[in-house]
Structure formats: C-alpha cells, structure tokens
Amino acid sequence: MTRARGAAMRRIHVGNALSAFGLGFTVPYLYVYVAQVRELGAMTAGLVLAVFAVAALIVLPFAGRAIVRRGPLPVLLAALVTAALGALSLGLAGSATAVLVSAAALGAGQAVMQPALATMIVDCSSADTRSRAFATQFFLQNLGLGVGGLIGGHLVDTTRVSSFTLLFAIEAAMFLLLVAVLATVRMPHSPRMEDAPAASAKGGWRQLLGNRAMVQLCVLGFVLFFACYGQFESGLSAYGVEAAGISTSALGTALAANTLMIVVAQFAVLKLVERRRRSRVIASVGLIWAVAWLAAGYAGLGHGSQEMATAAFVSTYALFGLGEAMLSPTLAPLVADLAPEGMAGQYNSAFALVKQLALAIGPAVGGPLGASLPGPYVVAFLLVSLGITALALRLGRGLTVAQDQPWAAAGSRVVARGGAPAETLAA
C-alpha cells in the first residue's frame, strides 16, 4: 500500500468510528424517544423504524449508480450532510409528520454511507490488505456503537426532552465532523462509469444480475442477515423473554457479550481466516450459528436452572458475535472481488440493499414466531443456519481461485475480477 493510500485508509477508519459513535448515541433510544418522550405513541414509533428501512430500500438502487459515476467520496459527503440534517431535525421534531420526515432523511443518509465507505476501502486497499481493512472497519464500528450507546445511556433522561435533543445534536455533530475529516481525503483514481462505453453504463444492473456468483452471494447474504441481525432485537429477544424467562438486564448482558466477542476476537479470528477459502469460512459460520441456536433452544426449552438458561442465552449472542467476526474480513472483500473493474460501488450498493431487505423482513417474521411458537422458531433458524453452510459450499464451486483464495492467486499474479471460472465459461 502506498503512503497516500495508507493516509486515506486511516481517515476512512476514523470516519467509520465517528459515524458508529454517533449512531450509538441514538439508535437504542429511538423508540422510547418517539413513543414516550414525544408522546406520539407506539404506532408512530413503529412507523419511524419502518421508515428507516423504506428509505434505505428507495435510495440504495440509485446510490450504486451515483458511486460508480461520481466516485464514493462525493456521494458519502452528500449522505453525511443529509444524515446530519435528519438527526438534528429529529431531535427538534414535535409532530408525527416532522418525526417521520426527519427519520427518512436520517435513514437515507445512513444507508448510503455503507456502500460509499465500503467502496472507498476497496479503492484504497489491495487484494492482500482488503480483508484486514474490512476487519478493522467492523471492529471500529462495533467499538463506536458500544461506546456511543454507553455514553448516551448516561446522558439520556426520559423526563427531559432536552436530553434527547442533545443526543441527536451530538449525532449530527459526529456526521459533520466526519465530513471535515474526509473532505480532504485524496482518493486514488479508479475507473468510473463515464470512463466506460455507454452500453456498460446502461447495463450496470443487468451485468450484475448476469453474474451468477454475485447473485448466489446476494442470496446467501440475505439468509445470513435474516438469521442473525434480523433476529437480534426482535425474534431472539422476544424468545428469550417469553420462553427462557430472560430479564431485561440479562438481555442487555447478552447484547454486550455479542459486542465484546467481536471487539476481543476480531483480529485473532482474522489470522485464522484470511488464508483460508472464503466459502469455507462462511460455511463454518453457518455451523457456529447452528450451535448458537442449540444453546438458545436449551435456554428456552431445556429444564435447567434459570442461571443455566441465562448463561446459555448469553452464549448464543456471543457465538453470533464470533460468526460476525469471521464474516467481516470475508463477505465485503468477496463482493469487491466479484465486481468488474469500476463497478465496486454498484456491487456494494446491491449487497447493502440485500442486507436492508433482510433487516426489514427478519423482525417481522422472527418477532411473532419467537414470542408465540418458541419450539418451531428455534428449529426453523437452526435449519436456516445449516442452510447457510450448504449455500456457502455451493457458492464456492462457482468462484475462481482469485475470488475464493486471493492469497493463493497472488503468487501467480493472476487476478480475475467479476469473472467466472474457466470451466464455467467453457460450459
């Protein structure tokens, strides 16, 4: 990595930490703020959470094209300003309409940040350094969220609207500080869509959907996010409270165990996975999460003591964290290596769109199932986890050596981006 790329990467990582720190201030308290502090009711609070997902689904298809055409930095700066305005106005909003409009701006800005930052990491890294770069990003995101949530919890007071206004103002300030940090970043030149023939520009999405490996990865990604993040704060928590009798404090401990596992294990896990086949690493995550669901099953359906049930439930979240730490240096670099030259922004946005779909559907399915049918809920997601393993192994059969084992391909200096294996092309 050149000195210029190294300097740009450091600023990108600082930016990731700042944005996560700002989000940590408000995300855990958004429902309470809308429903209780602003006294707008549970229905409006639920709509706010839905607006976040809808806004992301609307803007992400356009974000990919904008990143490819203009580069990730201008798109990121626009997203940060939009998110800052949304956060600030949300802290001042007193009506349901103002809250929903503000939430839409904040949700749209947050959604576009993800693929823009991911594309910047791709542009500033090489095949040899990309896994470590994305692992560092994930580590800093979780650290920022955890620290932000901890500090925000000490600042918030449900009897004072001004305390929440302060939280949202701090979040907006973090986004604007990130604008200042990244505005002077000198990004290395990478191909843009205007550099390519017009036919390539018009066929960006068609080209992506024609990439069989990318489509398979998107399906796999949907299942991964549906089975993990889509259950954290809905189905799994509802199952823990209703079936396992887990207290709210124990639920908080479980969430903390998840974050702690990621922060502690991230770089140790990186050494274990960065020179192994990516598809096999993802397949291993499916098996680890299957064990996590078995622990959850024991917590809610076993006949042990309440202490044992709580320990098993906390272990479930910790095992999810271990799987997440294995995915962070694997999934995003694989998306980058599947993208043809100059199309990383489009591919990152498509994968972010898949994640948002899973996060929107996961709670809607998991919440009612986890609360009312605990046995079928655990069995269903145990099978989903095993399905992750099967899908990952199938994906591996369609990847080139450069995509599945970039460390092995580096020795021969043969790099294939966005292509298919020779035998696939021959077929």
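Everything below is about the structure shown above.
Nothing here was measured: the structure is a model prediction, and the numbers come from that model.

Undergrad: Even after reading the chapter, I still don't get the state of the cysteines, so can you show me in this structure?
TA: Between two cysteines, a covalent bond joining their sulfur atoms is known as a disulfide. Under the defined criterion, the tally for this structure stands at 0 disulfides. Of all cysteine sulfurs in the structure, the one in Cys-228 sits closest to Cys-218, which takes part in no disulfide; the separation is 18 Å. In this structure Cys-218 comes out as buried when scored by relative accessible area, which is 13%. Judged by its relative accessible area of 0%, Cys-228 falls in the buried class.

Undergrad: What is the right way to look at the pattern of salt bridges in this model?
TA: Side-chain pairing between opposite charges can occur once the charged atoms of the two side chains come close. Counted by the stated rule, this structure contains 5 salt bridges. One salt bridge in this structure joins Arg-132 and Glu-274, with 3.8 Å as the shortest N-O distance. Remark: Glu-274 occurs in the loop between α13 (248-273) and α14 (278-301) and Arg-132 occurs in helix α6 (residues 130-155); sequence separation between them is 142 residues. The exposure class of Glu-274 is partly exposed, given its relative accessible area of 29%.

Undergrad: Looking at this structure, how should I read a nonpolar patch on the surface?
TA: A cluster of nonpolar side chains, Leu-143, Val-147, Leu-150, Ile-151, Leu-155 and Leu-166, forms an exposed patch at the surface whose accessible area comes to about 460 Å². Here the nonpolar patch gets 5 residues from one element, more than from any other, and that element is α6. Tracing the backbone shows Leu-143 in helix α6. For Leu-143, a relative accessible area of 35% corresponds to the partly exposed category.

Thresholds, definitions, all that
Residues numbered from 1 in each chain as written. Predicted model: local features only at pLDDT ≥ 70, side-chain atom pairs only at ≥ 80, totals over all residues. Heavy atoms only, no water. Disulfide = S-S within 2.5 Å. Buried < 20%, exposed > 50% of the residue type's maximum accessible area, 1.4 Å probe, protein only. Salt bridge = Lys/Arg side-chain N within 4 Å of Asp/Glu carboxyl O. Helix = DSSP H or I, 4+ residues; strand = E, 2+ residues; numbered from the N terminus. Patch = residues over 30% accessible without salt bridge, like charges linked within 9 Å, V, L, I, M, F, W, Y side chains within 5 Å. Areas by Shrake-Rupley, 256 points an atom, 1.4 Å probe, with all protein chains shown as cover.

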